[in-house]
Amino acid sequence: MLELKKVDKSFGGIRAVSNCTLGTKGYRITGLIGPNGSGKTTLFNLMTGFLPLDKGEIYFKGERIDAYLPHHIAECGMARTFQLARIFPKMTVLENMLLAPPLQTGEKLCSLWLKRNKIREDEKTNLLKASALIEIVGLSHLKDQFAANLSYGQQKLLELARILMAEPEMILLDEPTAGINPSLIRKMMELILKMKDNGKVFFIIEHNMDVVIELCDWVFVLDNGEKIAEGKPKEIQNNPKVIEAYLGV
Ligand SMILES: Nc1ncnc2c1ncn2[C@@H]1O[C@H](COP(=O)(O)OP(=O)(O)O)[C@@H](O)[C@H]1O
Ligand SMILES: [Mg+2]
């Protein structure tokens, strides 16, 4: 579904991503691991159009997307979360959800009257959808709370629920379980597995190896911007190159 070919990205003298070739192949949940500063988030930024690449090609569902802007890539069906959840703290949980309605009513409708009805209908649909998603991520009891009042883990769940509004086919999660408490980690993992069963495809940056082993079908390992290994999570865990990168020996 997603394929990168020889992708490079430097910041000044720092080669953040170097000659990276990788793809999701047919896997439903792909993991991306590597020490801090190894280029994982940069790679996500390149995949989602938040950063331009220096060299290389990126394909999504066979379409070359590396010159597209983020909103265009989102329209192609790829969504992402951020390492630090991006939510609107001074809005309620429900308002946060409604800020990201799926594709808005198109310009195809020429009659204003028709359009007005359509907009009203869309609002109703969005509200129902938002409520259903809030329920799925377990935040119904907080739907009228300001997002700022949510715990960090709950904010991450809200961010995930919000991107689901657009019904993406592929979801990129940047450290979904980092900094959240164990019960919410469980909740997050169950949600990811449930969505996988519903046909979603994931690419996940994750530090917690237990989470990687339980969720991922295939794992790529970055070190200093380079792919140093790939394989099944259990194999990766015992790969000497990977152990070396993490321990720095
Ligand atoms: N916008 C940026 N400007 C300059 N340097 C950056 C920027 N983003 C990342 N880097 C650098 O690129 C390298 C990879 O960072 P990053 O992709 O965030 O790593 P990771 O997510 O694996 O921890 C680091 O050396 C980091 O300092
Ligand atoms: Mg990162």
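Residues numbered from 1 in each chain as written. Chains lettered and ligands numbered in written order. Predicted model: local features only at pLDDT ≥ 70, side-chain atom pairs only at ≥ 80, totals over all residues.

1. Re the overall build of the chain
The helix and strand inventory of the chain stands at 9 helices and 10 strands. Relative to the globule expectation of 18 Å for 249 residues, the C-alpha radius of gyration of the chain, 19 Å, shows essentially globular dimensions. Dimensions of the chain along its principal axes, counting C-alpha atoms only, are 65 × 40 × 35 Å. For the chain, the proportion of its 249 residues judged to be buried stands at 35%. (Helix = DSSP H or I, 4+ residues; strand = E, 2+ residues; numbered from the N terminus. Rg over C-alpha atoms; globule rule 2.2 N^0.38 Å. Buried ≥ 20, exposed ≤ 12 C-beta atoms within 10 Å, placed from the backbone.)

2. What about the site of ligand 1?
Taken together, the neighbourhood of ligand 1 is formed by Phe 11, Ile 14, Ala 16, Gly 34, Asn 36, Gly 37, Ser 38, Gly 39, Lys 40, Thr 41 and Thr 42. Contributions of two or more residues to the shell around ligand 1 are made by strand 2 (14-23) and helix 1 (40-47). Ranked by residue count, the leading element in the shell around ligand 1 is helix 1, at 3 residues. Across the shell around ligand 1, the residue classes break down as 3 nonpolar, 7 polar and 1 charged. (Near = placed C-beta within 6 Å. Nonpolar A, V, L, I, M, F, W, Y, C, P; charged D, E, K, R; others polar.)

3. Quick word on the domain arrangement of the chain
When the domains of the chain are assigned, the result is domain 1 (1-77 + 168-249) and domain 2 (86-103 + 113-167). Computed over C-alpha atoms only, the centres of domain 1 and domain 2 are separated by 26 Å. Mapped by element, the contributors of at least two residues to the side of domain 1 that touches domain 2 are helix 2 (70-76) and helix 6 (182-197). For the side of domain 1 that touches domain 2, the leading source of residues is helix 6, giving 4 residues. Residues of the side of domain 1 that touches domain 2, tallied by class, amount to 8 nonpolar, 2 polar and 2 charged. (Domains from an automatic or database assignment.)

4. Quick word on the sheet that holds strand 9 (residues 218-223)
Taken together, the 6 strands give an open sheet; going across it, the order is 6-7-8-3-9-10, and neighbouring strands pair in mixed fashion. Since the sheet does not close on itself, it has two edges, and those belong to strand 6 (78-80) and strand 10 (226-231), each with one partner. The mean angle between the axes of side-by-side strands here comes to 20 degrees, regardless of whether they run parallel or antiparallel. Pairing of strand 3 (residues 29-33) with strand 9, which is carried by 4 bridges, proceeds in the parallel orientation. Counterpart to Leu 32 in the pairing with strand 9 is Phe 220. Relative to the sheet, helix 9 (residues 240-247) contacts strand 9 and strand 10, its axis offset from that of strand 10 by approximately 130 degrees. (Pairing = 2+ DSSP bridges. Axes fitted to C-alpha atoms, helices over the stretch in contact; angles between N-to-C directions. Contact = placed C-beta atoms within 7 Å.)

5. Some details on unusual backbone geometry
The residue Lys 25 is not glycine, and still its phi comes out positive at about 45 degrees. Among the secondary structure elements, Lys 25 is positioned in the loop between strand 2 and strand 3. Note on Lys 25: 12 C-beta atoms within 10 Å, which makes it exposed. Phi at Glu 167 takes a positive value of approximately 50 degrees, unusual for a residue other than glycine. For Glu 167, a count of 12 C-beta atoms within 10 Å translates into the label exposed.

6. As for the sheet that holds strand 2
One open sheet holds the 4 strands; their spatial order is 2-1-4-5, and the pairing between them is antiparallel. Each end of this open sheet is capped by a strand with a single partner; those strands are strand 2 and strand 5 (63-64). Where strand 1 (residues 2-11) meets strand 4 (residues 55-60), 5 bridges bridge the pair, whose relative direction is antiparallel. By the bridge assignment for strand 4, Leu 4 is matched with Ile 58. Docked against the sheet, helix 1 engages strand 1, strand 2 and strand 4, running at close to 65 degrees with respect to strand 2.

7. Remarks on the pairing of strand 2
Relative to strand 2, strand 1 runs antiparallel, the two being bridged by 6 bridges. Bridge pairing in strand 2 places Ser 10 opposite Arg 15. The hairpin formed by strand 1 and strand 2 contains 2 residues between the paired strands, and Gly 12 there has a positive phi angle of roughly 55 degrees.

8. Here we look at the environment of Ser 38
Position of Ser 38 relative to the elements: it lies in the loop between strand 3 and helix 1. Judged by C-beta crowding, with 23 C-beta atoms within 10 Å, Ser 38 ranks as buried. For the pair Ser 38 and Ile 119, spaced 81 residues apart in sequence, the C-alpha to C-alpha distance is 45 Å.

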